[in-house]
Amino acid sequence: MSDLFKKAISLGVGLTIVSKEKVEKAVDELVKRGELAPSESKALVDRLVERGEEERGAFKTAVQEQVQRVLKELKVPAQSDVTELETRIAALERRVAELEGTSPQEDTMTDTRTD
């Protein structure tokens, strides 16, 4: 799922870069045709690029929210859930080892499954 997310973000970044190049080209055309003063061109490009960055941020947020929704619908546990369970399992292993009179590492090393 993270690859899909990374590709979506890359697409958004790519669209922003393409947009900036197109904006600069369009603004240059306006300057050449005399419809825009050269002194105003940089400010216009900056404003349009800033707006593109805002759009990219909104896109990124929307993708993140959608990914979180899908993960929740699929009941994929969060990393914090997995970490909490790992901690609880380790504590239980230590407790079992104490009750059996062995160390947790000895117990896992002698586990020879023939599944």
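Residues numbered from 1 in each chain as written. Predicted model: local features only at pLDDT ≥ 70, side-chain atom pairs only at ≥ 80, totals over all residues. Heavy atoms only, no water.

Structural notes on the nonpolar core
In plain terms, the rule: To define a nonpolar core, start from buried Ala, Val, Leu, Ile, Met, Phe, Trp, Tyr and Cys residues and group those joined through side-chain atoms within 4.5 Å. Any residue under 20% of the maximum accessible area for its type is buried, any over 50% is exposed, and the rest in between are partly exposed; the area is computed with a 1.4 Å probe on protein chains only. The helix and strand labels rest on DSSP assignments: H or I over at least four residues marks a helix, E over at least two residues marks a strand, and numbering proceeds from the N terminus. What makes two residues a contact is simply this: any of their non-hydrogen atoms within 4.5 Å.
Within the largest apolar cluster, 5 residues are counted, these being Val-23, Val-27, Leu-36, Leu-44 and Val-45. Those elements that provide at least two residues to this core are helix H1 (2–32) and helix H2 (38–73). Leu-36 has contacts with Val-27, Leu-30, Val-31, Ser-41 and Leu-44, leaving out every residue within four places of it along the chain.

Let's talk about the pattern of salt bridges
Spelled out, the test is: Counted as salt bridges are all cases of a side-chain nitrogen of Lys or Arg within 4 Å of a carboxyl oxygen of Asp or Glu.
In total, this model carries 4 salt bridges according to the counting rule given. The shortest N-O distance in the salt bridge between Lys-42 and Asp-46 comes to 3.2 Å. You can see Lys-42 and its partner Asp-46 sitting in helix H2, 4 residues apart, about one turn around the helix. A residue is classified by how much of its surface remains accessible, and Asp-46, at 38% relative accessible area, is partly exposed. Between Glu-53 and Arg-56 there is a salt bridge, with its nearest N and O atoms 3.1 Å apart.

Re the environment of Leu-30
One can find Leu-30 in helix H1. Judged by relative accessible area, which is 24%, Leu-30 ranks as partly exposed. Along the primary structure Leu-30 and Ser-41 are separated by 11 residues, whereas in three dimensions their C-alpha atoms are 8.6 Å apart. In this structure, Leu-30 is in contact with Glu-35 and Leu-36, ignoring residues within four places of it in sequence.

A closer look at H2
As a reminder of what qualifies: Working rule for helices: expected span equals 1.5 Å times residues minus one.
Its 36 residues place the ends of H2 53 Å apart at the C-alpha level, agreeing with the 52 Å of an ideal helix rising 1.5 Å per residue. Of the positions making up H2, those classed as buried are Ser-41, Leu-44, Val-45, Val-63 and Val-67. One or two steps after H2, the chain reaches Lys-75, where phi turns positive at roughly 60°.

Some details on the environment of Val-31
Structurally, Val-31 can be placed in helix H1. For the pair Val-31 and Ser-41, spaced 10 residues apart in sequence, the C-alpha to C-alpha distance is 7.2 Å. Sequence-distant contacts of Val-31, defined by excluding residues within four places in its chain, comprise Leu-36, Ala-37, Pro-38 and Ser-41.

Read these as geometric descriptors, not functional statements.
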